[in-house]
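Summary of the model geometry
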Amino acid sequence: MADTKQVDETADTKQAAKSERTAARLARRISAFAKEHGGAEGQVAHLGERGARIVLVGEDGGWGDLVAPSVAVAGQAVEKAGITVHEAFDGEFAAKVRTGPYEWTRMAGIQVGGPKNG
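Predicted model only: the values in this text are computed from it and were never measured. (Residues numbered from 1 in each chain as written. Predicted model: local features only at pLDDT ≥ 70, side-chain atom pairs only at ≥ 80, totals over all residues. Heavy atoms only, no water.)

Another aspect to go through is the overall build of the protein chain. A tally of helices and strands in the protein chain yields four helices and four strands. The order of α-helices and β-strands along the protein chain, N terminus first, is α-β-β-β-α-β-α-α. Per-residue burial over the protein chain gives 31% buried out of 118 residues. The contacts of the protein chain with a sequence gap of at least 6 include a subset with a gap of at least 24, amounting to 52%. Of the roughly 8,100 Å² of accessible surface on the protein chain, a fraction of 53% belongs to carbon and sulfur atoms. (Helix = DSSP H or I, 4+ residues; strand = E, 2+ residues; numbered from the N terminus. Buried < 20%, exposed > 50% of the residue type's maximum accessible area, 1.4 Å probe, protein only. Contact = heavy atoms within 4.5 Å. Areas by Shrake-Rupley, 256 points an atom, 1.4 Å probe, with all protein chains shown as cover.)

The next subject is the packing of aromatic side chains. Counting across every chain of the model gives one aromatic pair. Where Phe89 meets Phe93, the ring centres are 5.1 Å apart and the plane angle is 80°; that geometry is what we call edge-to-face. The partly exposed category is assigned to Phe89, whose relative accessible area is 37%. The class for Phe93 is buried, based on a relative accessible area of 3%. (Phe/Tyr/Trp six-rings, centres within 6.5 Å; stacked < 30°, edge-to-face > 60°.)

Along the chain, His37 turns up in the loop between α1 (2-36) and β1 (40-46). On a C-alpha basis, the gap between His37 and Gly61 in space is 7.9 Å, while along the polypeptide they are 24 residues apart. Look past the residues within four positions of His37 in its chain and what remains in contact with it is Gly58, Glu59, Asp60 and Gly62. Only 3.0 Å separates the side chain of His37 from the side chain of Asp60, close enough to count as a polar contact. (Polar contact = N/O pair within 3.5 Å; in protein donor to acceptor, adjacent residues only side chain to side chain.)

What follows is about the nonpolar core. Judged by nonpolar contacts, the single largest core of 18 residues is most densely connected at Leu26, Ile30, Ile54, Leu56, Leu66, Ala68 and Ile83. The set of elements that each furnish at least two residues to this core consists of α1, β2 (52-58), β3 (63-68) and α2 (71-81). In terms of residue count, the dominant contributor to this core is α1 (six residues). (Core = buried A, V, L, I, M, F, W, Y, C linked by side-chain atoms within 4.5 Å.)

This paragraph deals with the sheet that holds β2. Reading across from one edge, β3-β2-β1-β4 is the order of the four strands in this open sheet, with mixed pairing throughout. Pairing within the sheet leaves two strands with one partner each, and these edge strands are β3 and β4 (84-86). This sheet shows a mean twist of 30° between the axes of neighbouring strands, independent of strand direction. Two elements, β1 and β4, share three bridges in a ladder whose sense is parallel. Looking across to β4, one finds that Glu41 is bridged to Thr84. Sheet contacts for α2: β1, β2, β3 and β4; angle to β2, the most-contacted strand, approximately 25°. (Pairing = 2+ DSSP bridges. Axes fitted to C-alpha atoms, helices over the stretch in contact; angles between N-to-C directions.)

Without other data, these values stay purely geometric and don't point to any function.
Listed below in structure tokens is the structure:
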């Protein structure tokens, strides 16, 4: 039994270290986004088996997203980056997003009379 416990502890330690490195890498990317856009706020959404999505909205209305392997890693990343995190993507937070022609064409263009895709 002692051998199994030692192997489990080693695997857990390696997984924790990997999660920490991933969170640090995501935090650097979040910080770079914030610097480029005059600050940033975010929201973490669970994606199921794929992990978690970190939606970022800059002070200038620019937006983007990152995918983390888990909600826990996403939480570590936004905490390390020091951004404000919202519970939901709605209200004043969602109103900060500025979309351009690309978004209208890809997401809603067909429904609101934009150019057809295809």
